[in-house]
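The lines below spell out each chain.
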Amino acid sequence: MSSAKSNPPTPSEADLRPSGLKPAEHDEATAVSIEREELAVVSDPRGPIAEQFRSLRNSITALNRDGGSHTIVMTSAVAGEGKTVATLNLAFALAEMPGTQVLVIDGDLHGPAVESYLELPRRQGLTEILSGDLPMERGVRRTAVERVSVMGPGTLPLNPSELLGSDRMRALLNELKQRFTYVLIDTPAVTQVSDASLLGSKVDGIVLVVRLGKTPRHEVEQTYNNLEALGGNILGTCLTGA
Ligand SMILES: Nc1ncnc2c1ncn2[C@@H]1O[C@H](COP(=O)(O)OP(=O)(O)OP(=O)(O)O)[C@@H](O)[C@H]1O
Ligand SMILES: [Mg+2]
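The following refers to the structure shown.

Reading guide: rules and limits
Residues numbered from 1 in each chain as written. Chains lettered and ligands numbered in written order. Predicted model: local features only at pLDDT ≥ 70, side-chain atom pairs only at ≥ 80, totals over all residues. Heavy atoms only, no water. Buried < 20%, exposed > 50% of the residue type's maximum accessible area, 1.4 Å probe, protein only. Helix = DSSP H or I, 4+ residues; strand = E, 2+ residues; numbered from the N terminus. Pairing = 2+ DSSP bridges. Contact = heavy atoms within 4.5 Å. Axes fitted to C-alpha atoms, helices over the stretch in contact; angles between N-to-C directions. Parallel < 35°, antiparallel > 145°, perpendicular 65-115°, else oblique. Left-handed = near helix turned anticlockwise from the far one by under 90°. Nonpolar A, V, L, I, M, F, W, Y, C, P; charged D, E, K, R; others polar. Salt bridge = Lys/Arg side-chain N within 4 Å of Asp/Glu carboxyl O. 1 Å grid on protein atoms, 1.4 Å probe; cavity = no way out; pocket = protein on both sides within 12 Å on 5 of 7 lines; lining within 4 Å. Points joined across faces, edges and corners; volume = space filled by probe spheres on them.

### Regarding the pairing of strand β5 (residues 182-186)
Move 1: A large share of β5 lies buried, amounting to five of its five residues.
Move 2: A two-sided burial pattern is seen for β5, the buried positions comprising Tyr182, Leu184 and Asp186 on one face and Val183 and Ile185 on the other.
Move 3: As paired strands, strand β1 (residues 70-76) and β5 are joined by five bridges and run parallel to one another. Each bridged residue has a counterpart across the sheet, and for threonine 71 the counterpart in β5 is valine 183.
Move 4: In the sheet, strand β2 (residues 102-106) pairs with β5 via five bridges, with the strands oriented parallel. Considered in β5, the bridge of valine 104 is made with leucine 184.

What follows is the structure, encoded as C-alpha cells:
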C-alpha cells in the first residue's frame, strides 16, 4: 500500500456540531461516486494496492471456515496509520465476492472520517441508533459500490467508550450480523483511547493496521499484546506505506 499522497479530509466544525444532524434520505448515498485516490480498490482496481487488499481479504475469508457472518474491528497502535482508508478498501475488496454484503461502521467517535472519504453528507448514525433515537435500518446507507453499506458515527457523543462498550452495542452487532456477511468497524488508535480495545472483545476479529517505517516495533507489539490480553482475536496485520 503506497505512502500518503494527500491529507485526510477533516470534518468541518459544522460537521462535528453535537446536534442538528438529519437522518439520511433513503439511498441518497448511492448517487455519490467514490472518487478518492486512496480508495484504490475502486479508483485503481487493477493496481498493486487493490491487489494487496484482495490478498488481505483472501486471508480473512480463508480464516472464516464456517462461512458465517463476521464482525471485525480495524485499529492501529497510533493515529494516522491508515485505518480508515484500509477499512474502506477492505470493505470494497470483500464486496467483490458475489453474495457478500458488507457494512462499514464508523466507530471512531473522536475523529470520524468514513463519510468524508466517501464524500457523503454527515447524517445521523451509530450514536442515535445506540441511544434509541434512530431505527437501525435508517442508519444503514447503501453506497455507490454494490453490496457496500455504511453507518456513520452520527452525533459525536461525550461518552464514546461507554456507548461502544455497552450491551446495546453488542446487541446491535448481533442484529447486523443477520444482515451482513462482514461488518467492519473503523476505530481510533489503541494508544489514544480505550474504544478499540473495548470493542475488540465484542467482535469476531481484529485487524491491526501498521504503517511501515512509522510506528516503532515495540509499540505495535505492545498494542498486539494488549488487544489479546483483553480478549481480542487478532486476525492479522494490514501493512500500509509498503
Ligand atoms: N493506501 C494508501 N495510499 C495512499 N495514502 C494513504 C493510504 N492509506 C492512508 N493514506 C493516507 O494516510 C493518511 C491517514 O490515513 P487514514 O485517515 O486512513 O488514517 P487513520 O489511521 O484512519 O487516521 P486516524 O487515526 O486519524 O483516524 C491520509 O492522508 C491518507 O490519505
Ligand atoms: Mg481514521
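Back to the write-up after that little detour.
### Examining unusual backbone geometry
Move 1: Unusually for a residue other than glycine, glutamate 119 sits at a positive phi of about 55 degrees.
Move 2: Of note, glutamate 119 is situated in the loop between α5 (114-117) and α6 (126-130).
Move 3: Non-glycine residue arginine 147 carries a positive phi angle of around 75 degrees.
Move 4: Within the secondary structure layout, arginine 147 lies in the loop between β3 (141-142) and β4 (148-151).

### Here's the deal with the side chain of threonine 75
Move 1: Counting through the fold element by element, threonine 75 comes out in strand β1.
Move 2: When near neighbours in sequence (up to four residues on either side) are disregarded, threonine 75 contacts Lys83, Thr187, Pro188, Ala189, Val190, Ala196, Ile206, Val207, Leu208, Val209 and Leu227.

### Observations concerning the packing of helix α3 (residues 48-63) against helix α4 (residues 83-95)
Move 1: Interaxial distance between α3 and α4 falls to 9 Å at its minimum, and their mutual angle equals 70 degrees. Relative to α4, α3 is oriented roughly perpendicular. Like other packed secondary-structure pairs, α3 and α4 cross with a definite hand, here right-handed. Facing Phe53, Arg54, Leu56, Arg57, Ile60 and Thr61 of α3, the residues of α4 in contact are Ala86, Asn89, Leu90, Ala93 and Leu94.
Move 2: The residue inventory of the contact of α3 with α4, partitioned by class, reads seven nonpolar, two polar and two charged.

### Observations regarding the pattern of salt bridges
Move 1: Tallied over the full model, the rule gives twelve salt bridges.
Move 2: The closest approach of N and O atoms between arginine 141 and glutamate 115, which form a salt bridge, is 2.6 Å. Taken together, the residues span a long stretch of sequence, with arginine 141 in strand β3 and glutamate 115 in helix α5 at a distance of 26 residues.
Move 3: Using a relative accessible area of 4% as the deciding quantity, one classes arginine 141 as buried.
Move 4: Three or more residues joined by partner-sharing salt bridges are found here, namely Glu28, Glu115, Arg122, Arg123 and Arg141.

### Notes on the sheet that holds β4
Move 1: Strand order in the open sheet formed by seven strands is β3-β4-β2-β5-β1-β6-β7, and the pairing between neighbours is mixed. Looking along the sheet, the strands with just one partner apiece sit at the ends: β3 and β7 (234-240).
Move 2: Judged from the two bridges that link them, β3 and β4 form a sheet pairing that is antiparallel. From the neighbouring strand, arginine 141 faces β4, where its bridge partner is valine 150.
Move 3: This element, α3, spans β1, β5, β6 (205-211) and β7 of the sheet and lies at about 175 degrees to β7.

### What about the layout of surface pockets?
Move 1: Reported here for the second largest pocket is a volume of approximately 190 Å³.
Move 2: Every residue lining the second largest pocket is listed: Ala24, Glu25, His26, Asp27, Glu137, Arg138, Val140, Arg141, Arg142, Ser149 and Arg179.
Move 3: Every element with two or more residues in the lining of the second largest pocket is listed here: α7 (136-139) and β3.
Move 4: Within the lining of the second largest pocket, the residues separate by chemical class into two nonpolar, two polar and seven charged.

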